[in-house]
There are 2 protein chains.
Amino acid sequence: MRFTINREEFLKALNVVSKPIPSKSFVASLIFVKLVLDDRGLNLIGSNETIAISTLIPFAKNDQEIIRNAKNGAILVQGRYLVEIVRKLSGKELTFDVMDNAVVEISDEKSNFQLNSAQAEEYPEYDFNEDGKEFNVNTKEFVALVEQTSFAAANKENRPMLTALNLTAENKKLTAIALDAARYAKKEIAINEEVEFVANIPAKTINEIIRMFEEAETINIVVNERKMFFKFNNTIVASNLLNGEYPNVKNIVPKSFNYFLEANAEELLSAIDRVSLLTNDKNTVRLVITQDDVEVSSTTSEVGSAKEKINTFHYEGERLEILFNSSFVIDAIKALRAEDVVLQFIGEFKPFVIKDTKNDNIIQLITPVRA
Amino acid sequence: MRFTINREEFLKALNVVSKPIPSKSFVASLIFVKLVLDDRGLNLIGSNETIAISTLIPFAKNDQEIIRNAKNGAILVQGRYLVEIVRKLSGKELTFDVMDNAVVEISDEKSNFQLNSAQAEEYPEYDFNEDGKEFNVNTKEFVALVEQTSFAAANKENRPMLTALNLTAENKKLTAIALDAARYAKKEIAINEEVEFVANIPAKTINEIIRMFEEAETINIVVNERKMFFKFNNTIVASNLLNGEYPNVKNIVPKSFNYFLEANAEELLSAIDRVSLLTNDKNTVRLVITQDDVEVSSTTSEVGSAKEKINTFHYEGERLEILFNSSFVIDAIKALRAEDVVLQFIGEFKPFVIKDTKNDNIIQLITPVRA
């Protein structure tokens, strides 16, 4: 196996596939990148226990030669070292050459690196073209769908299913839901294909994946019982799905409310942000609403107290006093990306809704704190 | 005590004095900022066990009013909370008001914070105007003096004096020296005053202090047996000095050498940087020099090996092979800030010198590694 390659293109591809590569792993072969050179180009694969990424560097792009002097073959090279070496080399091109004794030589006019390598057969076998339900999404819309919901998933794994982002497709709609003990976020977007599926993908994983999309305009997604595949440009990312049933949350959002507060998102956000400087461990902030006044306040016994009034608001309802975790409310308001928000309450101990006044496709639900 | 103040000016001063404030301390009062309002303006003091900083906000600057509605007094407020509150407030001005029951109210049109406070008398007494040897330095020259030498000081405190930057003034020269077990850095700059002193200031501390100078053109320095004072703009920083004798390093730099290698600093640096990707725990890089060739190389048993040739060089001497800690040599070459450097060797096991080919005021000395 041998090739001379444009260093920048090689580095770009290595950066993509090396993201999941662990520095240590029980599966010893995962510390490697798999390189396969055949008639399609140079295929790189990197993976960990949850994600596998495959990307192809073609021989040429827009008439620009990328790979030359190619001799086909396959090999494993330690991923982290390979990335660092290719990053630090100074030449426009480098030559990658597998030598007799399973040593890879990476060289340019100035530098010469020899890396111990391993046989390609030692790497796990991945099939990046499994069958499944297939559809396309606009990248920006899908990234927003994930970002505006997945933050509400649980971090801790005592109920593993709650660490998932729950994705459901039916009636040409893709719905994302995340929840943990005290909050819930849901958003839906339109898709063009009539597909039906439910998939639970780890929220942490899908957040890593959306950061790989970069300039791709559309993502092709394939889902089956065990895996979800994201295909864009010359890259395929395969993620394992969580096994099991997501909690039934059909009726989690109340249908009717007794109190309605409309406010400017930015003003409400910065008021809560400021008073939360002086909260206790649970980030508890108090909201008191009357027809005349909206006040957020906080207090810590050791340090002091803070309060602030909201100037621009519209309120329907009796006097209401409610306590909440300020970081949950801040996350929810930010996720709405709205100019004006409406908070809908049933009572001081019941979960309340935060929505964009102008958009019903996204909803945030938060459970209050008890004093 | 009461005043209304321009928020930005207040924040700028708080940022200066709050830098050393610890989040926890055996001396309980150190978590506070001391605020004293008198006829000169608002004086803020923050400190830890090593540094104390005092800064004065005048009533007006360039005809712009900064403080108004002033009622003199003194109080202690928890430093970290005060900085965060003043940073997050949105108004152009804020009002600081000490209320009856030792609570401070910080407010603007929107927000109202009440912070528990403490009596000014509980704070340590600092004298920022102690007598001592006094001189002025150009800020840029002094910052460079510190940055180009202090990195060579020891990090670990098993020989506390080696954690110091050793500053010596005589004959209108200020000399800085730092050393640890395997390296030594020395630089001197000219000063205008005839002062004589030796001061050992913790290298970590002086590096924090030089970052506070910012736009000041000149720093006024006062040194006595126990302390060093840095005066600039409206700020005084007082640092404790280390007690004891600095090692005698008069004859540490050899007088004559057998091998002389001149090279381009950038080329040598990036070659060593690249091959050090594949070094062992001790960062050992091998340098082999002959009349025809300069090669740096490295090897690790598990990963592989690297080598690189230097193209532009001038060498006087026999064949030389020497091992060194690559990060020491990289630090030293960077610190020289030179276009071309000269490495002067006596032999493979003797300390070697790295200097700017054009400037004798700075010298770096490194002890080789034994194979």
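That block above? That's the structure.
Model, not experiment: these values are computed from the prediction.

**Some points on the interface of chain A and chain B**
Between chain A and chain B, the contact holds 30 residues from the first and 30 residues from the second. Together chain A and chain B conceal approximately 2,700 Å² of surface at their shared face, both sides included; 52% is due to carbon and sulfur atoms. Across the contact surface, chain A and chain B share two salt bridges. Note that Asp273 of chain B and Lys88 of chain A form a salt bridge whose closest N and O atoms lie 3.0 Å from each other. Of the residues contributing to the side of chain A that touches chain B, the split by class is ten nonpolar, ten polar and ten charged. Pairing between strand β23 (residues 304-310) of chain A and strand β11 (residues 111-118) of chain B: five bridges, direction antiparallel. Looking at β11 of chain B, one finds that Ser305 of chain A is bridged to Gln114 of chain B.

**Some words on helix α2 (residues 79-88) of chain A**
Residues and elements named next belong to chain A. Along α2, the residues that are buried comprise Gly79, Leu82, Val83, Ile85 and Val86. One face of α2 carries all of its buried residues, which in axial projection span an arc of 165°. The secondary structure elements touched by the buried residues of α2 are α1 (7-18), β2 (32-38), β8 (73-78), β9 (93-98), β10 (103-107) and β11 (111-118).

**Brief notes about the pattern of salt bridges**
Residue and element names in this part refer to chain A. By the definition in use, this model includes 34 salt bridges over all chains. In this structure, Lys309 engages Glu295 in a salt bridge whose closest nitrogen and oxygen atoms are separated by 2.9 Å. Linking Lys309 in strand β23 with Glu295 in strand β22 (residues 294-300), this pair joins segments that are 14 residues apart in sequence. The class for Lys309 is partly exposed, based on a relative accessible area of 35%.

**A few points about the packing of helix α5 (residues 265-275) of chain B against helix α6 (residues 326-336) of chain B**
Residues and elements named next belong to chain B. Here α5 crosses α6 at 155°, and the two axes come no closer than 10 Å. With respect to their mutual orientation, α5 and α6 come out roughly antiparallel. The handedness of the crossing between α5 and α6 is left-handed. Seen from α5, the contacting residues are Ala265, Leu268, Leu269, Ile272 and Asp273; seen from α6, they are Ser326, Val329, Ile330, Ile333 and Lys334.

**A closer look at the sheet that holds strand β28 (residues 359-366) of chain A**
Residue and element names in this part refer to chain A. The antiparallel open sheet is built from nine strands, whose spatial order is β16-β13-β14-β15-β28-β27-β26-β20-β24. Bordering the open sheet on either side are β16 (197-202) and β24 (313-316), each of which pairs with just one other strand. Taken pair by pair, the neighbouring strands of this sheet meet at an average axis angle of 20°, ignoring direction. Here strand β27 (residues 352-356) pairs with β28 via four bridges, running antiparallel. In the sheet register, Asp356 faces β28, and the bridge partner there is Asn359. Contacting β13 (164-170), β14 (173-180) and β15 (183-190), helix α3 (residues 139-147) runs over the sheet at an angle of about 165° to β15.

**A word on the relation of the copies chain A and chain B**
Each copy superposes on the other: chain A lies on chain B with an RMSD of 0.0 Å after a rotation of 180° and an axial shift of 0.0 Å. The operation mapping one copy onto its partner corresponds to a two-fold rotation axis. Distance from the rotation axis, computed per C-alpha, reaches its smallest value in chain A at Ser23 of chain A: 17 Å.

**Considering the sheet that holds strand β27 (residues 352-356) of chain B**
Residue and element names in this part refer to chain B. Read across the open sheet, the nine strands follow the order β16-β13-β14-β15-β28-β27-β26-β20-β24; overall the sheet is antiparallel. Looking at strand neighbours, the two that pair on one side only are β16 (197-202) and β24 (313-316), the edges of this open sheet. For this sheet, the mean angle separating the axes of adjacent strands, direction not counted, is 20°. Examined bridge by bridge, strand β13 (residues 164-170) and strand β14 (residues 173-179) share five bridges and lie antiparallel to one another.

**Some points on the pairing of strand β20 (residues 259-264) of chain B**
Residue and element names in this part refer to chain B. Where burial is concerned, the two faces of β20 differ: the one with Tyr259, Leu261 and Ala263 is buried and the one with Phe260, Glu262 and Asn264 is not. Pairing of β20 with strand β26 (residues 340-345), which is carried by six bridges, proceeds in the antiparallel orientation. Across the sheet, residue Ala263 finds its bridge partner in β26, namely Val341. Bridge count between β20 and β24: four bridges; the pairing is antiparallel. Residue pairing in the sheet places Glu262 in a bridge with His314 of β24.

**Let's talk about the packing of aromatic side chains**
Residue and element names in this part refer to chain A. In total, this model carries 25 aromatic pairs over all chains according to the counting rule given. Between Phe324 and Phe352, the aromatic rings sit 6.1 Å apart at their centres with planes inclined by 55°, giving tilted as the arrangement. With Phe324 in strand β25 (residues 320-325) and Phe352 in strand β27, this pair connects stretches of sequence that are 28 residues apart. The buried category is assigned to Phe324, whose relative accessible area is 2%. The aromatic ring of Phe349 is capped on one face by Arg370, whose charged end is 4.4 Å from the ring centroid.

Analysis parameters
Residues numbered from 1 in each chain as written. Chains lettered and ligands numbered in written order. Predicted model: local features only at pLDDT ≥ 70, side-chain atom pairs only at ≥ 80, totals over all residues. Heavy atoms only, no water. Contact = heavy atoms within 4.5 Å. Buried area = accessible area lost by both parts, 1.4 Å probe. Salt bridge = Lys/Arg side-chain N within 4 Å of Asp/Glu carboxyl O. Nonpolar A, V, L, I, M, F, W, Y, C, P; charged D, E, K, R; others polar. Pairing = 2+ DSSP bridges. Helix = DSSP H or I, 4+ residues; strand = E, 2+ residues; numbered from the N terminus. Buried < 20%, exposed > 50% of the residue type's maximum accessible area, 1.4 Å probe, protein only. Arc of directions from axis to C-beta. Axes fitted to C-alpha atoms, helices over the stretch in contact; angles between N-to-C directions. Parallel < 35°, antiparallel > 145°, perpendicular 65-115°, else oblique. Left-handed = near helix turned anticlockwise from the far one by under 90°. Least-squares fit on C-alpha atoms with pLDDT ≥ 70 in both. Phe/Tyr/Trp six-rings, centres within 6.5 Å; stacked < 30°, edge-to-face > 60°. Lys NZ or Arg CZ within 6 Å of the ring centre and 35° of its normal.

So far we have only geometry, and geometry alone does not tell us how the molecule works.
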